[in-house]
Amino acid sequence: MTLPALDVPSLPLNDGSAIPQLGFGVYRIDPDATADAVSRALATGYRHVDTARAYRNEAGVGRAVRELGEWVYVTTKYFEPGEDHGHRDAVAAFEESFANLGLDRIDLYLVHWPTAAGEGYVASWQALTGLRAAETERGRVRSVGVSNFVPEHLARVVDATGVTPAVNQVELHPYFQQQELRRVHAERGIVTEAWGPLGQGAVLEDPTLREIAAAHGRSVAQVVIRWHLQLGTVVIPKSENPARIVENAAVTDFALSDDEMAAIEGLDRGERVGPDPATFVMPVGGYRRDA
Ligand code: NAD
């Protein structure tokens, strides 16, 4: 049985479109298992899926969305390692992702990492903004944005193009709350999207979060996802476990108090679970499943 779309708000983007605040992430889901996992999520009411060319599972996402036969907000990401970061490759990569997905449009197309390899990300951003402009009539890409950009990267790309990314998708969870970056986003009109929203599992045993969860008769994962919704970030938890896919979507029928929000704010340790954008370089060929 397919449930109707979850009752979550959509956040307005600076290009006039909007993004559903809760989505389903598919990083590290095996390409052969992706269509099933996404179909489960869609049956539960998710209408937003986050993939990337580097995850090698765009085809499974596309298959599940086509089978549903309803509009689903789909994000994918561009990344070519090292010197290939740039205009020619970005356009070719878009065509490849578009074909992999087999949908009539990509709602959000992101520069996946700025990388430490020079300033190629500026050329990539120029390419994505050009692509979006060229697609005004055909409409194959609705919004463009970035991922893992720090304030200096944002300043560089806006200065170079005059176009502000619609979204910056970054690591963000109770142990790494990105207060300064969120302030910059608010100033620039960029929506903050949280990857690793559960700290890839690292926050799930936290005593404060467990206490709050117990008070609501909820799981820690639900409390953390609810915290993201109330903070105003887009949140894209990943799970392949059918019960958890349902659990992570059941976050619209309770609310955290101001005191609980403040207690979670107090958990920030400035501690990443993922790579630092200042030094990270994507392995050639994209992520490995065991990376
Ligand atoms: P996450 O914080 O969503 O954590 C996923 C982990 O938590 C999984 O191991 C899962 O087993 C566990 N989990 C999920 N729900 C649970 C529950 N209810 N109870 C207990 N455990 C639970 O981490 P993530 O997958 O890295 O991030 C989410 C999505 O963000 C990814 O799938 C991907 O789409 C995106 N992402 C983007 C980037 C980027 O560079 N832009 C990087 C990493 C992830």
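Scroll up to find the structure this text is about.
Notes on the structure follow. All residue numbers here refer to positions counted from 1 along the written sequence of the relevant chain. Residues qualify for local features only when their pLDDT is at least 70, as the model is predicted, and side-chain atom pairs are given and counted only at 80 or more; totals for whole chains, interfaces and linings, by contrast, use all residues. Hydrogen atoms and water are omitted, and side-chain values are computed over all heavy atoms in the structure.

In DSSP terms, a helix is any run of H or I states spanning at least four residues, a strand is any run of E spanning at least two, and both are numbered starting from the N terminus. By definition here, a helix of n residues has an expected span of 1.5 Å times n minus one. Taking 1.5 Å of rise per residue, 14 residues should cover 20 Å, and helix H1 (residues 31–44) covers 21 Å from first to last C-alpha, within 8% of that figure. The inward-facing, buried residues of H1 abut strand E3 (24–25), strand E4 (48–50), helix H2 (58–68) and helix H9 (242–249). Gly45, located one to two residues past H1, shows a positive phi value of around 115°. In this description, contact between two residues means that some pair of their heavy atoms is separated by no more than 4.5 Å.

One heavy atom suffices: a residue is near a molecule or strand as soon as one of its heavy atoms comes within 4 Å of it. Near the ligand, the surroundings consist of 26 residues, among which Asp50, Ser147, Leu198, Gln200 and Asn248 are the closest. Two N or O atoms form a polar contact when they lie within 3.5 Å of each other; inside protein one atom must be a possible hydrogen donor and the other a possible acceptor, and for residues adjacent in sequence the pair counts only when both atoms belong to side chains. Val26 places a main-chain nitrogen or oxygen 3.2 Å from an oxygen atom of the ligand. Tyr27 places a main-chain nitrogen or oxygen 2.9 Å from an oxygen atom of the ligand. In isolation the ligand exposes 830 Å². Once the protein is present, 88% of that is buried. Using protein atoms alone on a 1 Å grid, points that fit a 1.4 Å probe yet trap it form a cavity, whereas open point sets bounded by protein on both sides within 12 Å along at least five of seven lines form a pocket; residues with an atom within 4 Å of a point count as lining. Cavities and pockets are treated as containing a molecule whenever more than half of the molecule's atoms lie within 2 Å of their grid points. Mapping the ligand onto the cavity grids shows that it belongs to the largest pocket. Under the convention used here, a 1.4 Å probe and the Shrake-Rupley method define accessible areas, while residue burial counts only the protein chains that appear.

Before going further, it helps to examine the packing of aromatic side chains. Ring geometry is summarised as follows: Phe, Tyr and Trp rings, the Trp one being its six-membered ring, pair when their centres sit within 6.5 Å, and such pairs are stacked at plane angles under 30 degrees, edge-to-face over 60 and tilted between the two. Inspection of the entire model under this criterion finds 7 aromatic pairs. Consider the rings of Trp113 and Phe280, whose centres lie 4.2 Å apart with planes at 40°: the pair is tilted. You can see Trp113 sitting in the loop between strand E6 (106–111) and helix H4 (120–134) and its partner Phe280 sitting in the segment after helix H10 (258–265), a full 167 residues away along the chain. In this structure, Trp113 and Phe280 share a single accessibility class: buried. Between Tyr121 and Phe149, the aromatic rings sit 5.4 Å apart at their centres with planes inclined by 80°, giving edge-to-face as the arrangement. Taken together, the residues Tyr121 in helix H4 and Phe149 in the loop between strand E7 (141–147) and helix H5 (151–161) connect sequence positions 28 residues apart. Taken as a pair, Tyr121 and Phe149 share a single burial class, namely buried. Each residue's exposure class comes from its accessible area (1.4 Å probe, protein chains only) as a fraction of the maximum for that residue type: buried when under 20%, exposed when over 50%, partly exposed otherwise.

Attention now moves to the side chain of Glu135. Structurally, the position occupied by Glu135 is in the loop between H4 and E7. Glu135 has contacts with Arg140 and Val141, leaving out every residue within four places of it along the chain.

Time to look at the sheet that holds E7. The sheet built from 8 strands is open, its strands ordered E3-E4-E5-E6-E7-E8-E9-E10 with parallel pairing. Strands with a single pairing partner mark the edges of an open sheet, and in this sheet they are E3 and strand E10 (234–235). Strand pairing follows a simple DSSP-based rule, namely that at least 2 bridges must link the two strands. Bridge analysis of strand E9 (residues 191–195) against E10 gives 2 bridges, and the strand direction is parallel. Its bridge partner lying in E10, Ala194 is registered against Val235.

Grid points are joined across faces, edges and corners, and a volume is the space filled by probe spheres set on the points. Within this model, the largest pocket holds a volume of roughly 850 Å³. As for the largest pocket, its lining consists of 35 residues, of which Tyr27, Gly196, Gln200, Gly201 and Lys238 are closest to the centre. When residues of the lining of the largest pocket are traced back to their parent elements, those giving at least two are helix H8 (220–231) and H9. Classification used: nonpolar for Ala, Val, Leu, Ile, Met, Phe, Trp, Tyr, Cys and Pro, charged for Asp, Glu, Lys and Arg, polar for all others including Gly. Tallied by class, the residues present in the lining of the largest pocket amount to 16 nonpolar, 12 polar and 7 charged.

What follows is about the pattern of salt bridges. As a working rule, side chains carrying opposite charge can pair if their charged atoms are close by. When a carboxyl oxygen of Asp or Glu lies within 4 Å of a side-chain nitrogen of Lys or Arg, that pair is called a salt bridge. This model, assessed by the stated rule, comprises 14 salt bridges. For Glu180, the salt bridge goes to Arg183, with nearest N and O atoms at 2.7 Å. In this pair, Glu180 and Arg183 are both assigned in helix H6 (residues 179–188), 3 residues apart and thus about one turn of the helix distant. By relative accessible area, which is 46% here, Glu180 ends up partly exposed. Residue classification places Arg183 among the partly exposed positions, given a relative accessible area of 41%. For Arg269, the salt bridge goes to Glu271, with nearest N and O atoms at 3.5 Å.

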